[in-house]
Each structure stands twice: as structure tokens, then as C-alpha cells.
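# Per-entry structural report
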Amino acid sequence: MPYAIETLNLSKRFPLPRRYRELLLHPFSHPETVALDNISVTVNHGEIFGVLGPNGSGKTTLIKILSTLVLPTTGKAFINNIDVTADEKNIKKIIGYVVSDERSFFWRLTGRQNLRFFCSLNNISAPKTDKKIEELVSLMGLEKEIDQVFQNYSSGNKQKIAIARGLLTDPQILFLDEPTKSLDPVVAYKLRRFIKDALVAESGKTVLIATNNMQEAEEICDRVTIIQNGKIRRSGTIGEIQRIFKEKEQYILTLKTPIEQILSVTHRPDFKYKTCTINPSPFRNEVVLMTVEINAEKESISDLIELLVGMRIKIESCECERQPLSQLFVKCINE
Ligand SMILES: Nc1ncnc2c1ncn2[C@@H]1O[C@H](COP(=O)(O)OP(=O)(O)OP(=O)(O)O)[C@@H](O)[C@H]1O
Ligand SMILES: [Mg+2]
């Protein structure tokens with residue numbers, strides 16, 4: 001089965017505007033901004049794929065190319081194996097594009113009138129239009145605002161209407177450009193659950209989401225790609241990206257042994273592991289929490305566990321502390 005989305009060495013360069021003086025002095029030079037530089041990614045059907053990157057890294061440009069709004073400079077992009085530059089009409093039937101661009105709404109019309117207009121553009125029948133709008137209004141919690149004029153909406157509510165518009169046609173592949181930007185935490189959470197549970201798990205849709213919200217990416221994305229200056233820095237599941245940076249891992253050991261006995265082991269000159277904290281549990285008597293840093297290149301947690309057991313220390317549990325995606329992102333960008 002072909003990929004839902006595939007790009008092959010996709011690049012986009014935008015010409016930079018030039019002043020008269022520069023045109024006269026250098027008539028043949030063509031300065032450009034590189035928005036995307038050789039991007040090759042694949043997204044499977046039914047997957048939520050996250051595109052992460054600092055401001056200006058090329059996320060929106062990538063989504064615009066995939067949505068047929070911008071032409072690539074070089075390289076190829078396919079949706080369901082259809083070249084986005086060759087068959088715009090068919091691509092538009094499959095995809096939905098959600099962007100927080102308020103300018104594409106009619107400011108003097110109500111939210112409902114706006115949505116009705118976009119339904120008619122998409123040839124959705126009148127009864128279906130009303131049903132669909134009711135469904136989306138209830139999902140987005142827009143019952144009070146839907147019949148007010150768009151220009152009076154708060155930015156969060158404008159964003160909600162933009163999301164509702166992207167979902168009107170029930171698209172098979174959905175592009176979301178920072179969909180939860182300016183939404184309150186409850187609506188943002190509801191929307192993320194809707195994307196993951198209703199759109200992807202139940203209806204089998206494919207979602208490509210550009211976001212700068214790392215918690216959002218951790219919560220819903222199956223795989224992510226981190227781009228910077230238009231280039232891919234890392235791609236994979238969050239677990240895979242964690243493993244790349246994993247020379248040091250922190251483990252939290254829950255020990256059921258008196259703290260003095262534990263300290264007598266960790267203070268031995270031949271105890272080579274770096275203990276960060278050893279404290280009695282604030283919640284449970286006779287339980288000690290020990291945080292240890294393991295250098296994956298030289299040490300292993302199983303050796304430490306074997307050593308502690310050999311020293312008659314009772315281990316109740318051992319948990320690896322996951323590095324949050326936000327930390328991995330910063331590491332990746334500063335590499
Ligand atoms: N129409 C355009 N003309 C000229 N340059 C552009 C145009 N669109 C984007 N760019 C440039 O391309 C680069 C990538 O922009 P893009 O909007 O894709 O980034 P982004 O990752 O979506 O950023 P943000 O997180 O701020 O939304 C930027 O340097 C931007 O200035
Ligand atoms: Mg953007």
C-alpha cells in the first residue's frame with residue numbers, strides 16, 4: 001500500500017525582495033530564503049505524524065506544499081501516491097487543511113454563515129450541512145458564539161471555527177498547522193483526544209500536525225520529525241529519538257531497606273554509580289527513594305540491581321525517568 005504522504009528531497013526557496021539599488025548593482029544575483037532543504041519523509045495511513053521545529057524552520061511551508069497551495073522548487077511530494085503538483089483537484093478531495101488564518105473568513109458574517117458558505121463551496125447538501133455544523137459546534141464548544149458575527153470572536157474561538165472548517169468535508173488526510181494555538185487547555189485537550197480517538201483510532205484518518213507544543217506531540221504523535229532551517233535534524237518515534245540522546249539515563253529505585261544500610265553500600269569506595277538523591281519516601285514509612293544516573297556506554301542498570309540484591313537491599317521497583325520531548329528538542333536544535 002502506498003504511503004499516505006511521501007516527500008522525496010523536497011526543497012522550497014523563496015526569492016528575497018530586493019531594493020532598486022541592489023537590482024542596479026547586482027542585476028543577475030537572485031538572493032533566496034531556503035524554507036525547505038531536501039526533506040524526505042513518509043507517513044503511513046492511520047498515523048499521526050508531528051512536524052516540530054523552531055519558528056521559521058519550514059513547517060507551514062511543508063504543509064502548504066502538501067496541500068497544493070505552494071509549489072516546491074525541487075523534489076517531489078505525493079499524497080496517496082498522487083503527485084501534488086500534477087493532480088491538484090483530486091488531492092483537494094482527499095485532504096483537509098486547518099490553519100489559523102483569520103483572513104479567509106468573512107468578518108461580517110456569523111460563524112454559522114461562514115461554515116455554511118464553506119459547505120456550499122464543497123458541494124455538501126443542505127441537510128448534511130446543518131447536521132455537520134451542529135456536530136462540530138458541539139465538539140468545539142461554540143454553541144454560544146456560533147450565531148455571533150466572526151469579527152467579535154476571541155482569537156481562540158476564531159481558531160475553533162478554523163478547525164471546524166477543516167473538518168467539514170470529513171477529509172481522509174488532515175493537515176493541522178498549530179491547531180491548538182490560542183485554545184484554552186480544556187478545549188485543547190478535547191481536540192487532541194478527538195484527533196487521536198475519533199479521527200485516527202475510529203475513522204482511520206491520517207494526520208500531519210505541525211506544532212511547537214511538545215506536550216501535544218508527546219501525547220498524540222506516533223512519529224515526529226524535527227526540522228531546523230528547513231533541514232531534518234531527527235525523525236522517528238519519541239522513544240527512538242530518546243535513544244539517540246541516551247548516553248545518560250536516570251532511574252528511580254524504590255528500596256525497602258533502612259537508609260543507613262543503603263548509604264553503607266553507596267559510600268563504599270568501589271561503588272561506581274552516580275547517585276543523585278537518596279531520601280526516605282515522603283509518603284511511605286520504611287521506603288527509600290534512590291535516583292541513580294547510569295552512563296549507558298559504561299554501565300548497566302541490571303549490574304547495579306544485581307549488586308544491590310547481593311548486598312541484601314530489597315528493591316521494590318525500578319523506573320527509568322523519561323526525558324521530556326521538550327529537552328530532547330532543545331538538545332537537537334543546539335547540537
Ligand atoms: N511567501 C513567502 N515568501 C518569502 N519567504 C517565505 C514565505 N513563506 C515562508 N517564507 C520563509 O520561509 C521560512 C520558513 O517559514 P515557515 O512559515 O514555513 O516556518 P514555520 O516553521 O511554519 O514557522 P512558525 O513556527 O513561525 O510558524 C522562513 O524563513 C520564512 O520567512
Ligand atoms: Mg508556521
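Residues numbered from 1 in each chain as written. Chains lettered and ligands numbered in written order. Predicted model: local features only at pLDDT ≥ 70, side-chain atom pairs only at ≥ 80, totals over all residues.

### Overview of the domain arrangement of the chain
Many descriptions give the size of an interface as the accessible area lost when the pieces come together. Note the cut-off: Annotation comment: domain bounds sourced from an automatic or database domain assignment. Note on contacts: residues are paired as contacts if their backbone-placed C-beta atoms lie within 7 Å. Numbering of helices and strands runs from the N terminus; a helix is a DSSP stretch of H or I covering at least four residues, while a strand is a stretch of E covering at least two.
With domains assigned, the chain is organised as domain 1 (5–236) and domain 2 (247–334). For domain 1 and domain 2, the distance between their C-alpha centroids amounts to 43 Å. With nine residues of domain 1 at the interface, the matching set in domain 2 holds six residues. Of all the secondary-structure elements, those providing two or more residues to the side of domain 1 that touches domain 2 are helix 8 (214–220), strand 9 (223–228) and strand 10 (231–236). For the side of domain 1 that touches domain 2, the element with the most residues is helix 8, which contributes three residues.

### Regarding the site of ligand 1
Just so we agree on the cut-off: Whether a residue is near a molecule or strand depends on its C-beta atom, generated from backbone atoms, being within 6 Å of that molecule or strand. Side-chain classes are defined by residue name, with Ala, Val, Leu, Ile, Met, Phe, Trp, Tyr, Cys and Pro counting as nonpolar, Asp, Glu, Lys and Arg as charged, and the others, Gly among them, as polar.
Looking at ligand 1, the residues that line it are Phe-14, Thr-33, Ala-35, Gly-53, Asn-55, Gly-56, Ser-57, Gly-58, Lys-59, Thr-60, Thr-61 and Asn-212. Broken down by secondary-structure element, the contributors of at least two residues to the shell around ligand 1 are strand 2 (32–43) and helix 2 (59–66). A total of three residues in the shell around ligand 1 trace back to one element, the largest contributor, which is helix 2. When grouped by side-chain class, the residues that make up the shell around ligand 1 number two nonpolar, nine polar and one charged.

### Topic: the nonpolar core
What counts, and what does not: To define a nonpolar core, we join buried Ala, Val, Leu, Ile, Met, Phe, Trp, Tyr and Cys residues through C-beta atoms within 7 Å and take the resulting set. Neighbour counting defines burial: a residue surrounded by 20 or more other C-beta atoms within 10 Å of its own C-beta is buried, one with 12 or fewer is exposed, and intermediate counts give partly exposed, using backbone-placed C-beta atoms.
Formed by 66 residues in total, the largest nonpolar core has its most connected members in Leu-66, Ile-79, Ala-164, Phe-175, Val-207 and Leu-208. Of the domains in this structure, domain 1 (5–236) and domain 2 (247–334) are the two that each give at least three residues to this core. Those residues in contact with Val-207, other than ones at most four positions away along the chain, are Ile-48, Leu-174, Leu-176, Ile-195, Leu-199 and Val-200. Core analysis: the next-biggest nonpolar cluster, separate from the first, contains nine residues, Leu-255, Met-290, Val-292 and Ile-294 among them.

### Brief notes about the sheet that holds strand 13 (residues 288–295)
Put simply, the rule reads: Here, strands pair whenever DSSP counts at least two bridges between them. Only the stretch in contact is used when fitting a helix axis, every axis being a line fitted to C-alpha atoms; angles between N-to-C directions are given from 0 to 180 degrees.
Taken in spatial order, the four strands of this open sheet run 12-13-11-14, and their pairing is antiparallel. Each of the sheet's edge strands pairs with one partner strand only, and the pair in question is strand 12 (274–280) and strand 14 (315–321). Sheet twist, expressed as the mean angle between neighbouring strand axes with direction ignored, is 20°. As defined by bridge partners, strand 11 (residues 248–255) adjoins strand 13 across eight bridges and the pair is classed as antiparallel. Considered in strand 13, the bridge of Glu-249 is made with Ile-294. Here helix 10 (residues 259–266) sits on the sheet in contact with strand 11, strand 12 and strand 13, set at roughly 170° to strand 12. Against the sheet, helix 11 (residues 301–310) makes contact with strand 11, strand 13 and strand 14, and its axis sits at roughly 160° relative to strand 14, the strand it touches most.

### A word on the pairing of strand 6 (residues 95–98)
Alternating residues of strand 6 divide into Ile-95 and Tyr-97 and Gly-96 and Val-98, and every residue in both groups is buried. Relative to strand 7 (residues 173–177), strand 6 runs parallel, the two being bridged by four bridges. The partner of Val-98 across the bridge, within strand 7, is Leu-176.

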